[in-house]
Amino acid sequence: MSKAVKKKSTKTKSKSQSSVQQTFDQKTIQEFKESFAIMDGNKDGVIDRNDLSDLYACLGQIQPVEKIDNMLKEAAGPLNFTTFLSMFGEKMHGSDTFSALVDAFKMFDKSGTGKMKEQELMGLLMNKRGNPLSDDEYQAMLKGKPPIDKGEVDYVAFAKMLTSGGEEA
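Residues numbered from 1 in each chain as written. Predicted model: local features only at pLDDT ≥ 70, side-chain atom pairs only at ≥ 80, totals over all residues. Heavy atoms only, no water.

Asker: Any chance you could explain the sheet that holds strand E1 (residues 115-117) here in plain terms?
Answerer: Strand-to-strand pairing in sheets goes through backbone hydrogen bonds, with the strands running parallel or antiparallel. Across the sheet, three strands lie side by side as E1-E3-E2; this open sheet has antiparallel pairing. Taken across any chain shown, the strands that pair with only one partner, and hence form the sheet edges, are E1 and strand E2 (148-149). Sheet topology note: the E2/strand E3 (residues 152-154) ladder contains two bridges and is antiparallel. Paired with Asp-149 across the strands is Glu-152, a residue of E3. (Pairing = 2+ DSSP bridges. Helix = DSSP H or I, 4+ residues; strand = E, 2+ residues; numbered from the N terminus.)

Put into structure tokens, the structure is as follows:
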């Protein structure tokens, strides 16, 4: 490989890393590192089909291999941390946090009612992976009067509450 080609690929790589670093602050990058570590179940530095299958299984979801493979195809190569961070940078640039939350909650709405079971929400928020809420934190959240009625959460209203800081949007 010529020196000119090496220089160009190094410039492109550092430009890409610089762009990602400008997209996220250090605290956010650290949070992504923690999320990546949780998703990389076999701790080999790459999120693969088995890692994603296991992650979904922990959430009580079984996904078809084709769906997981399609997710992995969104990456330009092996899904290592740099690729993971770049993908989130691209997806989050100008993205709507409210819509992202609603889309995430929809995974638990098998009947398409706009609601999920309170137990499922509690399981997500207090899951031992990542940064779970403690019992006290969960009880404090309930004092904020989230839209829970008869054991069901209106997840669209809940996402609105989360993204507006608890105020009416």
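Asker: Would you mind going over the side chain of Thr-83 with me for this structure?
Answerer: As for its position among the elements, Thr-83 is in helix H5 (residues 81-92). For Thr-83, a relative accessible area of 19% corresponds to the buried category. Ignoring any residue separated from it by four or fewer positions in sequence, one finds Thr-83 in contact with Ala-75, Ala-76 and Pro-78. (Buried < 20%, exposed > 50% of the residue type's maximum accessible area, 1.4 Å probe, protein only. Contact = heavy atoms within 4.5 Å.)

Asker: Whenever I open this one, the packing of aromatic side chains confuses me. Can you help?
Answerer: Evaluation of the coordinates by the stated rule reveals six aromatic pairs. Ring centres of Phe-36 and Phe-84 lie 5.3 Å apart, and the angle between their planes is 65°; this geometry places the pair in the edge-to-face category. Highlighted residues: Phe-36 in helix H2 (residues 26-39) and Phe-84 in helix H5, separated in sequence by 48 residues. Phe-84 sits in the buried class, given a relative accessible area of 5%. Relative to Tyr-155, the ring of Phe-105 lies with its centre 6.2 Å away and its plane at 50°, an arrangement referred to as tilted. Here Tyr-155 lies in helix H9 (residues 155-163) and Phe-105 lies in helix H6 (residues 97-106), a separation of 50 residues in the sequence. In this pair, the class of Phe-105 matches that of Tyr-155, namely buried. (Phe/Tyr/Trp six-rings, centres within 6.5 Å; stacked < 30°, edge-to-face > 60°.)

Asker: What's the story with H9 in this structure? I'm lost.
Answerer: In an α-helix, one turn spans 3.6 residues; hence positions three or four apart end up facing the same way. Residues Tyr-155, Phe-158, Ala-159 and Met-161 constitute the buried set of H9. Around the axis of H9, the buried residues are gathered within 160° of arc, so they sit on the same side. Of the surrounding secondary structure, the elements contacted by the buried residues of H9 are H6, E1, helix H7 (118-125), helix H8 (135-143) and E3. Where H9 begins, the side chain of Asp-154 points an oxygen toward the backbone nitrogen of Val-156, at a separation of 3.2 Å. (Arc of directions from axis to C-beta. Polar contact = N/O pair within 3.5 Å; in protein donor to acceptor, adjacent residues only side chain to side chain.)

Asker: Please explain the environment of Lys-43 as it appears in this structure.
Answerer: Within the fold, Lys-43 resides in the loop between H2 and helix H3 (49-58). Taking relative accessible area as the criterion, Lys-43 reaches 57% and is therefore assigned exposed. Residues within four places of Lys-43 in sequence aside, it is in contact with Ala-37 and Ile-38. One polar contact links the side chain of Lys-43 to the main-chain carbonyl oxygen of Ala-37, over a distance of 2.3 Å.

Just geometry here; none of it tells us what the structure is for.
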